[in-house]
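# Notes for the structure review
Take a look at the letters that make up each chain.
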Amino acid sequence: MDYFEPKTVSEALSLLDQHGEQAEVIAGGTDVMVDIKYKDEPGCLVNIKRIPDLNAIRESNGGVHIGPLATIHELEESDIVRERLPLLWQAAHQFASLQIRNTATIGGNICRASPSGETLAPLLVLEAEAEVTFSDGARTEPFGAFFKGPGQTSLGSRGLLTGISVPFPAAGNHAVYLKHAVRGPMDIAMVGVAVMATANADKSALDDVRVGLGAVAPTPIRAPKTEALVSGKALDAALLKEAGACSASESSPITDQRSSGEYRGWIVDALTRRGLAQCWQALTGKEVA
Amino acid sequence: MSLEITLTVNGKTHTAALEPSTALVDFLRDTLGYKGVKLCCNTGECGACTIIMDGKPVNSCVVLGADAAGADLVTVEGIADGDALHPVQQAFIDTGAVQCGYCTPGFIVSLKALLDRTKNPTAEEVEEAISGNICRCTGYTKIYEAVDLAAKQMS
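We now turn to the structure provided with this report. Everything numeric in this text was worked out from a predicted model, so none of it was measured.

The next point concerns the overall build of chain B. When helices and strands are counted, chain B shows 5 helices and 5 strands. The principal-axis extents of the C-alpha atoms in chain B amount to approximately 50 × 30 × 25 Å. Here chain B holds 155 residues, and the buried ones make up 52% of them. Within chain B, counting contacts between residues at least 6 apart in sequence, those at least 24 apart form 53% of the total. Put simply, chain B shows about 6,800 Å² of open surface, and 49% of that area lies on carbon and sulfur atoms. Between the averaged position of the 11 positive side-chain charges in chain B and that of its 19 negative side-chain charges there is a distance of 4 Å.

Next up, the structure:
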């Protein structure tokens, strides 16, 4: 196996151009190392961990710029993430063990493009953008367009994720990330649901409701029908029930060793209701009547 | 293809060769001889191979050996001060927190890292610190008692 430690993004990109499908990019390594041991070794490993300045977390243009090499624990420890992007912070906090959070990077979690990736539904709800770079140039694209399928992104075999831009959510928003797994953070999510909303001026209705679903479709997804159903309305028990069912209908979960598809649908329903109810309560001070 | 890296383990500098696909746990055990680092699940789930890398606990089975170039590592072998055990090690003995013992080095390292960053950890902080360490003898109660005892002795 060939091995490279490029010192710059352009050096890494030319290696990817040169080695194409044979090349595997490694950052933290918590997933790639397992593949190397138990699946086929790649033809060449491109270790980007030592490219400088790709792990910064800083305020930028009305939001937060996150370098893809920032570890999950660095997100968790970041004041700006905790204070301004609590949804992403909650996902980081429920991400495996401390040992893994010290090693795994947010860029790796994203580029792995597992539908259950812990940070992905929150990034969709936050309307974050990916900075994708190829040897002939860079572009930004919303994460809604970035994920193409399980393990598939718009990077293909020649692109690198070089930045993540997360706009600050609207003032006064409330957001929750709810993960359903047998063994808490250590386990891969059977279902992950991210809900974010604001309230209108007199706190009589929810506005700008966003619902993101993880592990229940080929990619992490938003639930636009559910969002439209609830936005602009007061949340009562009947609407909550309708929203849960609508969210489940927007998912298309598979059956695997962790859960049946039918069960995942019930959990989407339950967690959507729970997330919306928590937002309603936090934003209006009232229980769902 | 073989690489040569230099790193520090328990204060001692080593320079040695490794294959680029080698996991850090295998390099530490098989090349450098630090057998206290236990290989168990080999997928980053059980914590038996936990070491402290540049101040942070990590699972050495899912860290690329090459990433340790220039790093400062602490394994369970480097935690005692000569013959004097670290308070966490002594507390494991005093509370009977060891059963089969295979998970013990990983727990000791995770808890040493915890007590390095927090003098009097809350139950929640202890739980978080060892959430990535699995004991299949299920002796967690004694392990919690050991952390309390060690924290008291260190303060």
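There's plenty left to go through after this.
All names here are of chain B. Here 5 strands make up an open sheet; going across it, the order is β2-β1-β5-β3-β4 and the pairing mixed. Edge positions in the open sheet fall to β2 (12-18) and β4 (56-59), since each of these has one partner strand only. Neighbouring strand axes in the sheet, compared pairwise and without regard to direction, differ in orientation by 40° on average. Running over the sheet, helix α1 (residues 24-31) touches β1 (3-9), β2, β3 (50-53) and β5 (72-74) and is turned about 105° from β2.

We now examine the nonpolar core. Residues A:Ile110, A:Phe143 and B:Leu73 are the most contacted members of the largest nonpolar core, which totals 75 residues. With residues near it in sequence (within four places) discarded, B:Leu73 still touches B:Leu7, B:Thr8, B:Val9, B:Asn10, B:Leu24, B:Leu28, B:Ile51, B:Ile52, B:Met53 and B:Ala68. Of all hydrophobic cores here, the second largest spans 29 residues; its members include A:Leu178, A:Met190, A:Ala197 and A:Ala223.

This paragraph deals with helix α11 (residues 237-250) of chain A. With 14 residues, α11(A) ought to run about 20 Å at 1.5 Å a step, and its terminal C-alpha atoms sit 20 Å apart, in line with that. Check the buried side of α11(A) and you find it contacts β13 (206-214), β14 (221-222), α10 (224-230) and α12 (261-284) of chain A.

All names here are of chain A. Along β13, 7 of the 9 residues are buried, which leaves the element largely enclosed by surrounding structure. Pairing analysis gives 7 bridges linking strand β12 (residues 191-199) to β13, with the strands arranged antiparallel. Residue pairing in the sheet places glycine 192 in a bridge with glycine 214 of β13. Between β12 and β13, which pair antiparallel in sequence order, lie 6 residues; one of them, lysine 203, sits at a positive phi of approximately 55°. Here 2 bridges tie β13 to β14, and the two strands are oriented antiparallel to one another. Note that in β14 the partner of glycine 212 across the bridge is arginine 222. Taking the residues that link successive antiparallel strands as the turn, the β13-β14 hairpin has 6 residues, and the phi of alanine 215 there is positive, at about 75°.

Residues and elements named next belong to chain B. At a closest axis distance of 8 Å, the pairing of helix α2 (residues 87-95) and helix α5 (residues 140-154) adopts a crossing angle of 130°. With respect to each other, α2 and α5 are oriented oblique. Considering the relative orientation of α2 and α5, their crossing is right-handed. In this structure, α2 contributes Pro87, Val88, Ala91, Phe92, Asp94 and Thr95 to the contact, and α5 contributes Lys142, Ile143, Glu145, Ala146, Leu149, Ala150, Gln153 and Met154.

A few words on the environment of A:Ser249. One can find A:Ser249 in helix α11. C-alpha of A:Ser249 to C-alpha of A:Asp269: the two residues are 20 residues apart in sequence and 8.7 Å apart in space.

Turning next to the packing of aromatic side chains. Residues and elements named next belong to chain A. Under the criterion given, the structure shown has 5 aromatic pairs over all chains. Each ring, one from phenylalanine 143 and one from phenylalanine 147, has its centre 5.8 Å from the other, and the planes form 25°; the classification is stacked. Here tyrosine 263 and tryptophan 266 contribute two aromatic rings whose centre-to-centre distance is 6.3 Å and whose plane-to-plane angle is 75°, an arrangement assigned as edge-to-face. With tyrosine 263 and tryptophan 266 both in helix α12, this residue pair falls 3 residues apart, about one helical turn. The class for tyrosine 263 is partly exposed, based on a relative accessible area of 30%. Its relative accessible area of 54% is what places tryptophan 266 among the exposed residues. Site record: aromatic cluster; members linked through ring pairs are Phe143, Phe146 and Phe147. Lying over the aromatic face of phenylalanine 168, arginine 84 brings its terminal NZ or CZ to 3.6 Å of the ring centre.

Time to look at the interface of chain B and chain A. Accessible area lost upon the coming together of the parts is a frequently used measure of interface size. Taken together, the contacts link 32 residues of chain B with 30 residues of chain A. Of the roughly 2,200 Å² buried where chain B meets chain A, counting both sides, 54% is carbon and sulfur surface. Looking at the side of chain B facing chain A, the largest losses of area belong to B:Val62, B:Leu64 and B:Asp67, adding up to 23% of the total buried there. Between chain B and chain A we count 1 salt bridge in total. Residue A:Arg101 is joined to B:Glu128 by a salt bridge in which the shortest nitrogen-to-oxygen separation is 2.4 Å. Of all the secondary-structure elements, those providing two or more residues to the side of chain B that touches chain A are β4, α3 (104-117) and α4 (123-129) of chain B. Sorting elements by how many residues they give to the side of chain B that touches chain A places β4(B) first, with 4 residues. Residue composition of the side of chain B that touches chain A, grouped by class: 15 nonpolar, 12 polar and 5 charged.

Each value, and the rule that gives it
Residues numbered from 1 in each chain as written. Chains lettered and ligands numbered in written order. Predicted model: local features only at pLDDT ≥ 70, side-chain atom pairs only at ≥ 80, totals over all residues. Heavy atoms only, no water. Helix = DSSP H or I, 4+ residues; strand = E, 2+ residues; numbered from the N terminus. Buried < 20%, exposed > 50% of the residue type's maximum accessible area, 1.4 Å probe, protein only. Contact = heavy atoms within 4.5 Å. Areas by Shrake-Rupley, 256 points an atom, 1.4 Å probe, with all protein chains shown as cover. Lys, Arg positive; Asp, Glu negative; His and termini not counted. Charge placed at Lys NZ, Arg CZ, Asp CG, Glu CD. Pairing = 2+ DSSP bridges. Axes fitted to C-alpha atoms, helices over the stretch in contact; angles between N-to-C directions. Core = buried A, V, L, I, M, F, W, Y, C linked by side-chain atoms within 4.5 Å. Expected span 1.5 Å × (residues − 1). Parallel < 35°, antiparallel > 145°, perpendicular 65-115°, else oblique. Left-handed = near helix turned anticlockwise from the far one by under 90°. Phe/Tyr/Trp six-rings, centres within 6.5 Å; stacked < 30°, edge-to-face > 60°. Lys NZ or Arg CZ within 6 Å of the ring centre and 35° of its normal. Buried area = accessible area lost by both parts, 1.4 Å probe. Salt bridge = Lys/Arg side-chain N within 4 Å of Asp/Glu carboxyl O. Nonpolar A, V, L, I, M, F, W, Y, C, P; charged D, E, K, R; others polar.

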